[in-house]
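Residue-level structure breakdown
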Amino acid sequence: MKKIFIALAMFAMALTVSAQSSDTPFEKGKVYVGAGFSGLNLNYNSKSKWNLDIDARGGYFIQDNWMLLGEFLWGIRTEADNAFLLGAGARYYIVQNGLYLGAGARYARQGKDYNDFVPNVNIGYAYFLNHYVTIEPELYFDISTKSFKDYSGVGLRVTLGVYFD
């Protein structure tokens, strides 16, 4: 009887491990599309009093839990010209519940006189509303190479994301 119980327990564990490792939302080959906003005084740098950034993102999982991203941002500024940013980066999903770390770099252009290379790091959480759609709050830190003091900043971004099979 003890041997039958052990065999059933091992079979149940094998099924559980198989179920957990298949069809995760962050599998190799999946595609990600997102749109979001930041600003609204949820970020800070010394040159900008009020701004709103609207972004569009696309990504592809090159391996389980590793996503490459491309993004385009349009920034509305009250005391300066609007900004356009084009960038690329990567995300690593730490655990299957949606916590991720990200890093990337952007080219920023604002008016005729401001061009900048802006590396950034972020941490966020992909909260699934259903199997495909997420709301992703994210804390970020943008590092200006033109003037760290004036143009680097921290903030909060909220993105609506969709993960496709």
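The present account deals with the structure reproduced in this document. (Residues numbered from 1 in each chain as written. Predicted model: local features only at pLDDT ≥ 70, side-chain atom pairs only at ≥ 80, totals over all residues. Heavy atoms only, no water.)

1. Overview of the side chain of arginine 57
By the element assignment, arginine 57 lies in strand β2 (residues 51–63). Judged by relative accessible area, arginine 57 falls into the buried class, the value being 6%. Of the polar contacts made by the side chain of arginine 57, one reaches the side chain of glutamate 138; its length is 3.4 Å. Excluding anything up to four places from it in sequence, arginine 57 contacts Tyr32, Val33, Gly34, Leu69, Gly70, Glu71, Arg91, Glu138, Arg157 and Thr159. (Helix = DSSP H or I, 4+ residues; strand = E, 2+ residues; numbered from the N terminus. Buried < 20%, exposed > 50% of the residue type's maximum accessible area, 1.4 Å probe, protein only. Polar contact = N/O pair within 3.5 Å; in protein donor to acceptor, adjacent residues only side chain to side chain. Contact = heavy atoms within 4.5 Å.)

2. Side note on the pattern of salt bridges
Throughout the structure, instances matching the rule amount to ten salt bridges. Note that aspartate 165 is salt-bridged to lysine 30, the shortest N-O span being 3.0 Å. Taken as a pair, aspartate 165 in the segment after β9 (153–164) and lysine 30 in the loop between α1 (2–21) and β1 (31–44) lie far apart in primary sequence, 135 residues in all. Classification of lysine 30 as buried rests on a relative accessible area of 6%. Taking the shortest distance from any N to any O, the salt bridge between arginine 57 and glutamate 138 comes out at 3.4 Å. Of this pair, arginine 57 sits in strand β2 while glutamate 138 is found in strand β8 (residues 133–142), placing the two residues 81 residues apart along the sequence. The same class applies to arginine 57 as to glutamate 138, namely buried. Each of the salt bridges in this network shares a partner with another, and the network as a whole consists of Asp55, Arg57, Glu71, Arg91, Arg106, Glu136, Glu138, Asp142 and Arg157. (Salt bridge = Lys/Arg side-chain N within 4 Å of Asp/Glu carboxyl O.)

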